[in-house]
Structures are given as C-alpha cells and as structure tokens.
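Inside the fold
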Amino acid sequence: MTTMPDQPDLVALLERVGRLEDEAAISRLVASYGPLVDAADADAVAALWAPEGTYDVEGWQMRSRADVHAMVCSPEHRGLVEGGCTHFLGPAVVTLAGDAATAVCESLLVVHRDGRFVVARAGANRFEMERSADGWQIVRRTTHALDGSLAGRGLLGIDR
Amino acid sequence: MTTMPDQPDLVALLERVGRLEDEAAISRLVASYGPLVDAADADAVAALWAPEGTYDVEGWQMRSRADVHAMVCSPEHRGLVEGGCTHFLGPAVVTLAGDAATAVCESLLVVHRDGRFVVARAGANRFEMERSADGWQIVRRTTHALDGSLAGRGLLGIDR
Amino acid sequence: MTTMPDQPDLVALLERVGRLEDEAAISRLVASYGPLVDAADADAVAALWAPEGTYDVEGWQMRSRADVHAMVCSPEHRGLVEGGCTHFLGPAVVTLAGDAATAVCESLLVVHRDGRFVVARAGANRFEMERSADGWQIVRRTTHALDGSLAGRGLLGIDR
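Below or above, wherever it landed, is the structure these notes cover. Note that the coordinates shown come from a computational prediction; the quantities given were computed from them, not determined experimentally.

Rules used throughout
Within each chain, residue numbers correspond to sequence positions counted from 1 in written order. Chains and ligands are labelled by the order in which they are written, letters from A for the one and numbers from 1 for the other. Under the rules for a predicted model, residues below a pLDDT of 70 receive no local features and side-chain atom pairs below 80 are neither given nor counted, while totals for whole chains, interfaces and linings still include all residues. Computation of side-chain values covers all heavy atoms of the structure but excludes hydrogens and water. Every residue pair with non-hydrogen atoms within 4.5 Å of one another is taken to be in contact. In this description, buried area is defined as the sum, over both parts, of the accessible area (probe of 1.4 Å) that is lost when the two are combined. Each salt bridge in this description consists of a side-chain nitrogen of Lys or Arg and a carboxyl oxygen of Asp or Glu lying within 4 Å of one another. Polar contact is the term for a pair of N or O atoms within 3.5 Å; when the atoms are in protein, one must be able to donate a hydrogen and the other to accept it, and sequence-neighboring residues count only if both atoms are side-chain atoms. Each helix is a run of H or I in the DSSP string that is no shorter than four residues. Each strand is a run of E no shorter than two, and both are numbered from the N terminus. Side-chain classes are defined by residue name, with Ala, Val, Leu, Ile, Met, Phe, Trp, Tyr, Cys and Pro counting as nonpolar, Asp, Glu, Lys and Arg as charged, and the others, Gly among them, as polar. Here the copies are matched by least squares. The fit uses the C-alpha atoms of residues with pLDDT of at least 70 in both. Take the buried Ala, Val, Leu, Ile, Met, Phe, Trp, Tyr and Cys residues and link them wherever side-chain atoms come within 4.5 Å; each set so joined is a nonpolar core. Three exposure classes are used, based on accessible area relative to the maximum for each residue type with a 1.4 Å probe and protein chains only: buried under 20%, partly exposed in between, and exposed over 50%. When two cysteine sulfur atoms lie within 2.5 Å, the pair is treated as a disulfide.

Below, the discussion takes up the interface of chain C and chain A. Counting residues at the interface gives 40 residues for chain C and 34 residues for chain A. Of the roughly 2700 Å² buried between chain C and chain A, counting both surfaces, carbon and sulfur atoms make up 68%. The three residues of chain C that bury the most area against chain A are C:R28, C:F88 and C:F117, which together make up 24% of that side's buried surface. At the surface where chain C touches chain A, the tally comes to one salt bridge. Here A:R16 ties to C:E21 by a salt bridge, and the two come within 2.7 Å at their closest N and O atoms. Linking chain C with chain A are four residue pairs in polar contact (both at pLDDT 80 or more). Where the side of chain C that touches chain A is concerned, the elements lending two or more residues are α1 (7–38), α4 (75–83), β3 (85–89), β5 (100–113) and β6 (116–132) of chain C. Counting residues per element, the side of chain C that touches chain A draws most heavily on α1(C), at 17 residues. Taken together, the residues of the side of chain C that touches chain A break down into 23 nonpolar, 10 polar and seven charged.

What follows is the structure, encoded as structure tokens:
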C-alpha cells in the first residue's frame, strides 16, 4: 500500500517546475541573441522582442520590434557581420516575478579587424521580460559600455 | 480529503522534468569543454564525444573519440596549454528533439602571449548530440572562426 | 479511472526537482559575481560567501565575508571599476554532492584603458559551495591566471 501525497504538494511541485522552465526559457532567449544577431537573422532577432519592446544601446534607441529588425539590417550592423563580429553575452542572472522577469548579464563585442580579433566594447545589459501568448519576450533592453560611467555600472544591479 | 491528480498529469510532469534535466546535462557538457581542454585532460575531453563522433575545426577533421584524444595530446594543443590558453565558450542554446539535440554557442580563444592575453579567435560552434547509455554525447561538432565568412555565420542558426 | 503512482515515484521526482533547483541556484550565484563586483556592490558580493568563506586570487588571500567586502571597497578595485572593468565569468559546471557542491568556470577580466578594452587576464575558477539556512554560499573560491602555470590548469578539473 502506498500513501498518496496531498494535492497541495502537487500544486507546489507544478509551480516549482514551472519556475525552472521559465528561468530556462529566459536564459535561452538571452543566450540566443548573440548567435542570431551575428548571423544577421533579422527576423529571429526581432522575434525575441515584444511588438512594442524597446532596446537602448549607446544612444541608439529602438522603440519596437520593427526598429530592432531595421538595426540588424542596417549598413552599420551588416558591416560588422561581414567583417566578422561576435556579440558574446555571458550567463544571464534571471529574476522571476510572476509573468515578468529581469535578466542581467555582461557582454563583449569582439570584432575581426585587420586579420586580428579585438574587444571593441565590454557592456552591461539589463533585460525586462514579459510572458506573452508566444512565450517570454523582451519588453525593454538597455545596454551600455562598461567604461567607468555610472550609466554602465548602474545596469548591473540584480533583483532579489 | 484531497482530490488526486490524474495519472496523465503526472506523466506530463515527469516528461517536463526529464526535458529540464536533458537541457541541463547538455548545457553542462558544452560548458565542460573549455575547462577540460585547457587542463589538457585528454581522456575527459574525448569522453564528451560518442565513439564515432566528429569534430571539424579550422580544417582539422577529427572522426572519432580517439581523434579528439589525439588532438588534445598533440604538440600544437600542448603548446597552447603550456603557454596559457582559454577556450571560452558562451552559454549554449540547446534544442531538444527526443534522444537528439543541438546546441549552438559562440566562443573565444584567448592565449597568453608575451606576457599579455590576446583574443586569438572568435568562433561559432554547433554541436549535434545524442543520448546514449552513458548519457548525452557529441556526435558532431563544427567550429569556424567568426571572421565574416559564411562558413562561420552559417553555424549560428538556432533550431526551433 | 486512473492508476495512481507509487509514493516512492513522487519522492524521487521531488528529489530530481530539488537537484535542478540547486544547480540553477548555484549557476545563478556564480553568474551574479561579475555584475555585482563590477557594480562595486560590496554588500551583495560579500553575501555570496559564507561568513567564514575564503577567496584566494593571485596572492590576495581573503579569509571571511568581511575580507571580500574590503576587497570590493579597496582602492585597487575601486580604481578598476571607475576606469571600467568587466569580470566576465563563463557558464559554471556545477557538481552537486548533497549539501555541498563544486562549480568550475573560466573567466576573463576585461579593462577599459586609454579608450580601449583589453583582456587583462584569463583565469580558472573553482568554487566550493555549501547549503546554508540562507541558501547556497561560497565556502572557498580559488582563482588563478591561465598563464600556462600548473596552478591555473590545476583548478579546471571537473568532479564527476
């Protein structure tokens, strides 16, 4: 004979598994950015954002998925990709809050220049995510160089 | 009195937990490569591959676990390790498909040269994995420099 | 009618979920170090360690949480942060052993110097963790440059 667990235990277990799945999905989304943007896959990069999601990076202010798509197709980005570039994002520190989440990570932009590879920028990244009918999406991303400025360092706080 | 969940719910929950375990195991396998190869632990590196697994990197074509072992023991690799090197792989983007999976990540090879550390190569990596009686193993890995070539950029597509 | 699973199955499932949660918590802790130390958040960095936890890095021997706090507040570290620095840690390879665990990863220290970003050091990191009433904490961390020395390479072994 076996004793059955109480239903509340199973509800709690389902919630725990759901949180692990959410964290894994968000980590995967952040880890996808570099490969997709370095492949210049504008559709796939744009799809990481919510339709009205934003991305602020070094004075470039994108205000929609369409803006992100345009960035990937821009001559500036195409030039980087065709010369050789790596948007290398570190492991994301994800903090869930129900149907919202934040993710923080650092990043290196490595570019191939004159036959060598150089670190063109080290950066701080803060993502705000929301759960949608299509899964987790970026609603706001802010990236700034870690050049000693408070703007960069200020993005590195981790929610608890 | 408690209401018991249906058995199908528990089957689904077991599957969900199994997927999380598979993704974690594959991520850990990819994350292990750098530390193990930089420690020149040829046995442990080779064991990441299936016996007939392959590894193509920059014109070096390995066709078995034994070939991978020989690469780690080669004078070229030993020279890198003894001078100081870091095969720095980013977080893997894992896509499961039952008993097979792919993992994509970018990587930096940093070498210690003349008392300084330089990025010798930025690369794209695509792993094809299979589940074996001994756990997940690499059946095919392809790595290419992100130097602007289509060969590198072409490895960065993420399966959905 | 549904057949109920045996209680032992559920105990095993709870253990599996607990292991996934432990691995995720430890990975997150390691991933937090870089952002927190580059933000010079001494309280948050120190809280990653156990009260008597140690950190040995390049001849700097910290023997308590208070020592780690003092390192983050030191003129040397403040100088790095104010000039611009990134302690970029790769994905951790976590090995659980009940209420203890190890985590191994490689790292790059990138500093902003004369308007450029340079890799000042590539390193090997080994963390020993313990579960406490406040969650997982670092009881011992050792970091050494990957400069070809055995001291660096010796930290890269992965527990199985």
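A word on the relation of the copies chain C and chain A. After a rotation of 120 degrees and a shift along the axis of 0.0 Å, chain C superposes on chain A with an RMSD of 0.0 Å. The operation mapping one copy onto its partner corresponds to a three-fold rotation axis.

All names here are of chain C. Counting residues in each nonpolar core, the largest one holds 41 residues, and the members touching the most others are Y33 and M129. Of all elements in the fold, only α1, α2 (42–46), β1 (49–57), α3 (65–73), β3, β5, β6 and β7 (135–145) reach the threshold of two or more residues within this core. Looking at this core, the element that brings in the most residues is α1, giving seven residues. What Y33 contacts, discounting residues up to four positions off in sequence, is V45, L48, W49, Y55, M71, L89 and R141.

Let's shift gears to the state of the cysteines. Within this structure, the stated rule accounts for zero disulfides over all chains. Its sulfur unpaired, A:C85 is 14 Å from the next cysteine sulfur, which belongs to A:C73.

Attention shifts here to unusual backbone geometry. If you check the backbone angles, A:D114 has positive phi at about 55 degrees while not being a glycine. Secondary-structure assignment places A:D114 in the loop between β5 (100–113) and β6 (116–132).

On inspection of all chains with the given rule, the structure shows 18 salt bridges over all chains. Across the salt bridge formed by B:D22 and B:R131, the nearest N and O atoms sit 3.0 Å from each other. Highlighted residues: B:D22 in helix α1 (residues 7–38) and B:R131 in strand β6 (residues 116–132), separated in sequence by 109 residues. B:D22 gets classed as buried once you look at its relative accessible area, which sits at 12%. By relative accessible area, B:R131 is classed as partly exposed at 36%. Put simply, C:E82 and C:R78 hold a salt bridge, and the shortest N to O gap is 2.9 Å. Placement of the pair is C:E82 and C:R78 together in helix α4, with a separation of four residues, close to one helical turn.

Remember, this is a structural readout, not a statement about activity or role.
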